[in-house]
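Given next are the chains, with one letter for each unit.
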Amino acid sequence: MPVDSNPALLDEALAAEQRRRQLRRWLGRLFGNPLSAIGLGLSAFFIIVAIAAPLFASQDPLAMDPSNRLAAPSALHWLGTDDGGRDILARVIYGTRSSLLTALGILSLASVIGTAIGLTAGYFGGWVDETLMRITDMFLAFPALILAMGMAAALGPSLFNAMLATALVWWPWYARLVRGQALHLKNEAFVEAARVAGATGLRIAVRHILRNCLTPIIVQMSLDIGYAILTLASLSFIGLGAQPPTPEWGSMVTVGRAYFLDQWWIVTFPGLAIFLSVMAFNLLGDGLQEALSPRLRR
Amino acid sequence: MARYILRRLLLMILVLFGMSVITFALTHVVPGNPARLLAGQHATQAQVEAVAKLYGLDRPVLEQYWVYIAGLFRGDLGMSLTTRRPVLDDLRQYLPATIELTTAAILLVIGIGLPTGMLAAIRRGRPVDHLIRFFTVAGVSMPIFWFGIVLQIVFYRNLQVLPIGGRLGIIDIEPPRVTGAYLVDSLLAGEVDTFLSALIHLILPAATLAAGSIAVVTRMMRASAIELLDADHVRQARAKGLVELTILRRHVFRNALIPTTTVVGLQVGTLLAGNVLTEVVFNWPGIGLYAVNAIRYLDYAAIMGVTLIVSTIYVFVNLVVDIAYVVLDPRISYGSAETSGR
């Protein structure tokens, strides 16, 4: 059937064309801002390093070499070695992998818990909403890092527990975001229409409301990934995350702190990796948010 | 407005109750056996049980919570397993150092963040604005503990102008304790040398702690000032020939302060959390360092005490900020003002 003979299909084709144009506009804005472009490039670099870590690291991040302890940067060890003679470059590269993976873990877990709670609260409203949101408020009343610290300590020090603890502290932001969207969406005409057509509550909540919450959730995740990396590194730094000699940026800084007056490279490079990766994702997140919500463009 | 404040107070009580449940649950319901830890690695089962009994760790959870909450009202936060002193005494000893450091950081945040944000807004799109923007992104991306170490390398190791850590030099004598803040106490005692030493020791930790928040406040100030620079009433003021400086001061700066106040209030939470990291780097004997030492030995009462005191301060500061907000800006309706911060 030719497209123009059916008004519904025509509408759909028009809508698709509009979406394509909008996407082009977003991408144009994203690349048009030099800071966002830098963020995108650097983020891509870190993601590639994380995925292909074994290709980038020429040495074993855990291999000890006592005769080469605390060696300064050289042709053999570009970024020097640590107190066990381990190659710092290789450790920073493998650290990228664990940092990005755990950050992704935090965001996935936090957004899943937050979405479930926010969607329930927003869709059902009434006392369900009131109860869930007051619980959310209680979690938000803590400074996040302090609560994450308490939770991680209670679960016991390990990278996985640090991830779990941070996710358990972060879900309220997603719950609040999704609840707001759900409240706004549930009175929209298309949800009304679905209800009239006899769709069940669960189907409406998932197919019609959740689907339309995805963009803000993804934007929020892109804004949060830098902070997730930072929080994990901080927990590791105070001994609540990865334990040495695991190649993890935060715990590498802790180890390097004992030597920083004479062997500055041990503490400098993992810290620099945290700094650059967090900055990359922050620039990208800011760029995405600006591109998607024109109100913020200035 | 009285009704709003009352509502806000009731909400705070609810939040404080919730916080006590969360901190309690964290330490009593989750894995990890404090009694075994306290009794030591080589203790027999009987010894562990005796210790559990001594500290009430063998009672039902609800009863333990009841004991805990009843204790809270008497100011009893339990005994620290590491220092073997009441947690309240420990907090009393270490809190002033933390408050001194946090206050110094807040002053830096306000003193640097507000003018820098204004400058960026006035010079919007110019090189200065781009430079400031770069620094604000860098500021929020910097791992605070690493930044502190970099400052130590530069100012202690290389330039040798500032001390590496601690609150006073080795030869300095602590001023007689009145408030616990060395800057204040040394002045009260008239000890100028001690005052100067305390001030010098405060520079690096305060700068480390403040960096991230300065960036956030600068950004907020820039955004709200830019919005105001385009606003009708500012254009009107300009049209009637008001001096630019007067416009900036009276119409832009003062109004931009309103949303920025909230952000500064929220930053207090960030600063309190950042204390933990800063105090470890600079060996600053506040509750952050105390908490990290407690974590090392799974000293639950101490961890719970720090979490609770920090969160209570945070909740209280937010209450004050929210009330200040409605007082400052008469346009705000007294509905539920939402606060959150990381």
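In this text, all values refer to a predicted model and were calculated from it rather than measured experimentally.

A. Highlighting the overall build of chain B. Within chain B, the regular secondary structure consists of 13 helices and zero strands. Secondary structure elements of chain B, listed N to C terminal, follow the sequence α-α-α-α-α-α-α-α-α-α-α-α-α. Principal-axis analysis of the C-alpha atoms gives chain B an extent of 85 × 55 × 40 Å. Contacts in chain B between residues at least 24 apart in sequence constitute 69% of all its contacts with a sequence separation of at least 6.

B. Structural detail: the overall build of chain A. The number of helices and strands found in chain A is 11 helices and zero strands. Its helices and strands taken in sequence order, chain A reads α-α-α-α-α-α-α-α-α-α-α from the N to the C terminus. In terms of overall dimensions, chain A has a C-alpha envelope of 80 × 50 × 35 Å along the principal axes. Counting over 298 residues, chain A shows a buried share of 46%. The long-range fraction of contacts in chain A, counting pairs at least 24 apart against all pairs at least 6 apart in sequence, stands at 67%.

C. Looking closely at the nonpolar core. Core analysis: the biggest nonpolar cluster contains 168 residues, and Ala148(A) and Ile209(A) have the highest contact counts within it. Aside from chain neighbours lying at most four places away, what touches Ala148(A) is Ala165(A), Thr166(A), Val169(A), Thr231(A) and Leu235(A).

D. Highlighting the environment of Ala104(B). One can find Ala104(B) in helix α5 (residues 87–122). When residues no more than four places from it in sequence are discounted, the contact partners of Ala104(B) are Leu202(B) and Ala206(B).

E. Structural context of unusual backbone geometry. Residues and elements named next belong to chain B. Positive phi, normally seen in glycine, also occurs at Gln160, with a value near 55 degrees. As for its position among the elements, Gln160 is in the loop between α7 (144–158) and α8 (182–188). Even without a glycine there, the phi angle at Asn283 is positive, about 50 degrees. Secondary-structure assignment places Asn283 in the loop between α11 (244–282) and α12 (287–296).

F. Quick peek at α7(B). Its 15 residues give α7(B) an end-to-end C-alpha distance of 20 Å, which sits within 8% of 21 Å, the value for a rise of 1.5 Å per residue. On the buried face of α7(B), the contacting elements are α9 (201–237), α10 (249–257) and α11 (264–292) of chain A together with α9 (192–229) and α11 of chain B. Gln160(B) lies just past α7(B) and shows a positive phi near 55 degrees.

G. Quick look at the packing of α7(B) against α9(B). Residues and elements named next belong to chain B. Where α7 contacts α9, the axes come no closer than 9 Å and their chain directions differ by 140 degrees. Regarding the angle of α7 to α9, the classification is oblique. In the crossing of α7 with α9, the sense of the turn from one axis to the other is right-handed. Two secondary-structure elements touch here, α7 through Ile144, Phe147, Gly148, Leu151, Gln152 and Phe155 and α9 through Leu204, Ala207, Thr208, Ala211 and Gly212.

H. Up close: the packing of α11(B) against α12(B). Residue and element names in this part refer to chain B. Taken N-terminus to C-terminus, the directions of α11 and α12 make an angle of 85 degrees; their axes are 7 Å apart at the nearest point. By the angle class used here, α11 and α12 are roughly perpendicular. Touching Asn275, Val276, Thr278, Glu279 and Val280 of α11 are Gly288, Leu289, Ala291 and Val292, all from α12. Classifying every residue of the contact of α11 with α12 by side-chain character gives five nonpolar, three polar and one charged.

I. The interface of chain A and chain B, seen in detail. Each partner contributes to the interface: chain A provides 41 residues, whereas chain B provides 42 residues. Secondary structure elements with two or more residues in the side of chain A that touches chain B: α5 (126–140), α6 (144–155), α9, α10 and α11 of chain A. The leading source of residues in the side of chain A that touches chain B is α6(A), at 10 residues. Partitioned by chemical class, the residues of the side of chain A that touches chain B number 30 nonpolar, seven polar and four charged.

J. Layout of the environment of Val51(B). Residue and element names in this part refer to chain B. As for its placement among the helices and strands, Val51 is situated in helix α3 (residues 45–54). According to the C-beta neighbour criterion, Val51 is buried, with 20 such atoms within 10 Å. Considered as a pair, Val51 and Gly71 are 20 residues apart in the sequence and their alpha carbons are 20 Å apart.

K. Highlighting the confidence of the model for chain A. Residues with a pLDDT of 70 or more make up 95% of chain A, whose mean pLDDT is 84. Least confident of the elements in chain A is helix α1 (residues 7–32) of chain A, whose mean pLDDT is 76; most confident is helix α4 (residues 88–124) of chain A, at 92.

L. Highlighting the environment of Phe139(A). Residues and elements named next belong to chain A. Inspection of the secondary structure puts Phe139 in helix α5. Sequence separation between Phe139 and Trp170 is 31 residues, and the spatial gap between their C-alpha atoms is 8.6 Å. Leave out the neighbours within four places in its chain, and Phe139 touches Val169 and Pro172.

M. Representation of the confidence of the model for chain B. Residues and elements named next belong to chain B. A residue-level look at chain B finds 92% of positions with pLDDT of 70 or above and a mean pLDDT of 84. The secondary-structure element of chain B with the lowest mean pLDDT is helix α2 (residues 34–39), recorded at 65, while α5 shows the highest, at 93. Interface confidence in the predicted complex, given as ipTM, is 0.84; pTM for the same model is 0.85.

What counts, and where the lines are drawn
- Residues numbered from 1 in each chain as written.
- Chains lettered and ligands numbered in written order.
- Predicted model: local features only at pLDDT ≥ 70, side-chain atom pairs only at ≥ 80, totals over all residues.
- Helix = DSSP H or I, 4+ residues; strand = E, 2+ residues; numbered from the N terminus.
- Contact = placed C-beta atoms within 7 Å.
- Buried ≥ 20, exposed ≤ 12 C-beta atoms within 10 Å, placed from the backbone.
- Core = buried A, V, L, I, M, F, W, Y, C linked by C-beta atoms within 7 Å.
- Expected span 1.5 Å × (residues − 1).
- Axes fitted to C-alpha atoms, helices over the stretch in contact; angles between N-to-C directions.
- Parallel < 35°, antiparallel > 145°, perpendicular 65-115°, else oblique.
- Left-handed = near helix turned anticlockwise from the far one by under 90°.
- Nonpolar A, V, L, I, M, F, W, Y, C, P; charged D, E, K, R; others polar.
- pLDDT = per-residue confidence, 0-100.

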